[in-house]
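Descriptive structure summary
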Amino acid sequence: MAVALLAFAWLLGIAAAAFTGGDSAAILATGSLAVLVSFIVRPARSTLIVAPAAVAMVALAFMHYNATIPAPDHGVAYMNEQGIVRLRGVIDDVPRDLPRSRLYEVEVISEMETGAWRPVSGRILVRTAVHSRLAYDDLIEIEGELDTPESTGGFDYAGYLLRQGVTSIAYYPKITHQGSGDRDGLKSALIDVRTEIQQALADTLPEPHASLAAGVLIGSEGVPVELRNDMAATGTSHLVAVSGQNIAMLGALVIAAFSWLIGRRPASVLALMSLTGYAVLAGSDASVVRAFVMGVLYVVATMTGRQHAAPIALVYAAAAMTAMDPQVVHSVSFQLSFAATLGLITLAPLLATHLKLAADRLPAPEALSRPAAEMLAVTLAAIAFTLPISAMNFGTISVVAPLANLFVVPAFVAVALTAGITAITVLAVPETADVVVWAAWIPVAYMLAAIRVFASLPLVAVNVDNFTIAHAVVSYTAIASFTWRLSRRSTEVPTRVPPTLRLRKVAAAGGLTATIAVAVALASMTLSHGDEPRVSVTVLDIGQGDAILIEDRAGHRVLVDGGPRGDDLALALGRHLPFYDRRIDVVVVTHPQADHLTGLLEVIDSYDVSSVVAGPIDDKTDLTMEWEAAVAAAGINVSPPRNEQVIAMDGAQLRVIYASRDASNLNDQSVVLRLVAGESSFLLTGDLGEKGERELLSTGAVIASDVLKVGHHGSRFSSSSKFLARVDPAVNLISVGSNNPYGHPASELLKRIEETLVFRTDEDGDITISTDGARLWVQTQR
């Protein structure tokens, strides 16, 4: 016990140094607390010896922390704000995607100085365009300026980066790929496996289902922003985060889900296997290894029935980790893993006992009520112990988290299991994708639906921006008091059914549930295929860009442009295409600009594209070269657009009416398409400007149409009065991003079309216009 008290005193000293700004007065307060705790835990004379040692341990930890605070001027920081520099470095981690850019962490190895390369060390963050396809272990040359990271909005971003050794940021530098850096072979192999799994799921499932499944299975950070916000609001973010909370809960959930079925010890073994697999797939970096150790402590304590000793082992583990790296206390992952594991060890068993007693009084089948009670106990304990940390770091508290987790968490293990089986099967036998997709889609669709339902409730989250360390101390005092009081009322729950009988019951119930789920899904698809319109045109809400999906009644699909981001396009297509049919017959590129072309890289990777209509590209850019390489690698036939070229559709005709390459700018080279279905017609003009419109008018082509996709996102230089008079549309569609920096759609343009029906993606979301050849139906979807 004396050693445990000293380890606890060490943790108090580290925490005091980290969260009081290094204030030396905190030593006295923390030392006094260590003495008080020592006498409470061990009220004996020998504590008179332990107490001074505990105070000394606090002081030692305090000094150790202060000695390891990273200096902001180390490495390449001296180059910040010094103009253009040339560096060589190796990408040292997987890229992180932001809404409009991509981030790479680079280990710098040399700099160009007076015409020669000289060795230098340091870590920098490089921000690039979103279409950049660099990868871990790429050796790159960077030419640009280095800036010092800045902290904004109350978040110490500069300090956060500094603790990871990052001292500088390069914004959109010129990057030249130099080859491979020959870094850690194991890490590279694990990243390759993760990438293949993510791609297999992306090739099989729609979005956001694929991202959610990857997040559950391997802790992928690629969950779309809207879904990430919904998960934060419902307190379910931990299910896809590469965090200690997620790893600790994974072990607890596996035990809770399977212990009633196969027994606690076999379930604990299964949990250890799950933790090991997850830790490997999640990257096995320092934060994951720390969380893995804490998760294993919980599982081993459960397996051996020594939960009373587990808190002491947890204190030893945390003390050892902070001794090796005191700055780890600032890691939210470390904080969450420690708190979640402590909650699972101390509070979860107590809650489970009382919840099982309550469940036994319900008329529900024991095969459902007891596992549900145990999973709810795990969820509530983890939420309670991590809530103050989440409030401090993220400024919100989810009001519905306990209830939302009760419905969402049971799907966690099912999603991880089916996603893993699906990914492995698709990688091994790609032809089975159409069959195995059902196994993965059903549980992840349920999880997604449950999250969205709870996120749609009013007052789902409370803002607590002013939640401080003092509030956290008070919160944990209350949680500790509640846990202690509950422990005084603990009661054993009798076992009622032999495991073999449980297995038969659960297997039967599971088979029945799966049969019903598949039947409902098949019935819903069958009922949805009634009399369909001749053709539909959907302007997809993909931000500041264009992406238009055309479908006929026979199922032919044409995608015109792809918007500025692949993940936004994947989400939009996921809203409209069946998850089991990943086919696009024709892709048309109106012109090779980023806001029309970038998203198509994702389509080439994840969809079965039969052919592409795109003009030759004269001015090569990084984006266009990536596009051409992706199309060539996929073996897709590419043909240039030709005036009067017809793309065959059932019950409709899609014709190229303008494909000029004589214009001086790319916008006026936009391919213009006219779709005719019976008496209804649509005109799609890309980014055609006023000059291009005059050229189109001079050709004498028929452009009169019922529906106009307004040119260039509603720019004042497009859709001129003369052009509009010739088209004479009844409906105008504007594809435009919210709060875009260009002021689109322009007030002048809106005035020119004010007498017509106007729909815009920034306000209406996806805009679908369907026709039977005589009438038009408009449907919007956000």
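So, how was this worked out
Residues numbered from 1 in each chain as written. Predicted model: local features only at pLDDT ≥ 70, side-chain atom pairs only at ≥ 80, totals over all residues. Heavy atoms only, no water. Helix = DSSP H or I, 4+ residues; strand = E, 2+ residues; numbered from the N terminus. Buried < 20%, exposed > 50% of the residue type's maximum accessible area, 1.4 Å probe, protein only. Contact = heavy atoms within 4.5 Å. Expected span 1.5 Å × (residues − 1). Arc of directions from axis to C-beta. Pairing = 2+ DSSP bridges. Axes fitted to C-alpha atoms, helices over the stretch in contact; angles between N-to-C directions. Patch = residues over 30% accessible without salt bridge, like charges linked within 9 Å, V, L, I, M, F, W, Y side chains within 5 Å. Areas by Shrake-Rupley, 256 points an atom, 1.4 Å probe, with all protein chains shown as cover. Salt bridge = Lys/Arg side-chain N within 4 Å of Asp/Glu carboxyl O. Phe/Tyr/Trp six-rings, centres within 6.5 Å; stacked < 30°, edge-to-face > 60°. Lys NZ or Arg CZ within 6 Å of the ring centre and 35° of its normal. Lys, Arg positive; Asp, Glu negative; His and termini not counted. Polar contact = N/O pair within 3.5 Å; in protein donor to acceptor, adjacent residues only side chain to side chain.

Quick look at the environment of H556 now. Residue placement: H556 occurs in the loop between β11 (548-552) and β12 (557-560). On the accessibility criterion, H556 (33% relative accessible area) is partly exposed. Sequence-distant contacts of H556, defined by excluding residues within four places in its chain, comprise I550, E551, R583, D585, M649 and D650.

Okay, helix α23 (residues 622-634) next. A turn of α-helix holds 3.6 residues, and therefore any two residues three or four places apart point the same way. Helix length check: α23 (13 residues) gives 18 Å between terminal C-alpha atoms against 18 Å at 1.5 Å per residue, within 8%. For α23, the complete set of buried residues consists of L623, T624, W627, A630 and V631. One side of α23 carries all its buried residues, which in axial view fall inside an arc of 125°. Turned more than 90 degrees away from the buried face of α23 sit A632 and A633, all of them exposed.

The strand order β15-β14-β13-β12-β11-β10-β23-β24 describes an open sheet built from 8 strands, whose pairing is mixed. Every other strand in the sheet has two partners, leaving β15 (637-639) and β24 (776-781) as the edge strands with one partner each. Strand-to-strand twist of the sheet, defined as the mean angle between neighbouring strand axes without regard to direction, takes the value 20°. Where helix α20 (residues 566-576) meets the sheet, it contacts β10 (535-539), β11, β12, β13 (583-588), β23 (766-771) and β24, and its direction lies at approximately 40° from that of β23.

Strands sit in the order β16-β17-β18-β19-β20-β21-β22 across an open sheet of 7 strands; the sheet is mixed. What marks the edges here is a single partner per strand, and that holds for β16 (646-649) and β22 (757-760). Geometrically, the sheet is characterised by an average inter-axis angle of 15° between neighbouring strands, direction not taken into account. Where strand β19 (residues 680-684) lies against strand β20 (residues 707-709), 3 bridges are found, and the strand directions are parallel. In the strand pairing of β20, F682 is matched with V707.

Our focus in this paragraph is a nonpolar patch on the surface. Together, L403, L406, F407 and Y446 make up an exposed nonpolar region whose accessible area comes to about 350 Å². Here the nonpolar patch gets 3 residues from one element, more than from any other, and that element is helix α15 (residues 401-408). Summarising the element assignment, Y446 is placed in helix α17 (residues 433-455). Of the residues examined, Y446 reaches a relative accessible area of 38% and is grouped as partly exposed.

Using the criterion set out here, one finds 7 aromatic pairs in the structure. Between the aromatic rings of W438 and Y580, the centroid separation amounts to 6.1 Å while the plane-to-plane angle is 10°, which identifies the pairing as stacked. Of this pair, W438 sits in helix α17 while Y580 is found in the loop between α20 and β13, placing the two residues 142 residues apart along the sequence. Grouping aromatic residues by their ring pairs yields a cluster made of W438, W441, F579 and Y580. Here the guanidinium or amino end of R582 rests over the ring plane of Y607, the centre of that ring lying 4.5 Å away.

Examined against the element boundaries, R582 turns out to sit in the loop between α20 and β13. There is no salt bridge for the buried R582, and the closest opposite charge comes from D203, which lies 5.4 Å off by N-O distance. Looking at R582, its side chain comes within polar contact range of the main-chain oxygen of A202, at 2.4 Å. A polar contact is formed between the side chain of R582 and the backbone oxygen of D203, at a distance of 2.6 Å. Not counting residues within four places of it along the chain, the set of residues in contact with R582 comprises A202, D203, T204, L205, P206, S606, Y607 and D608.

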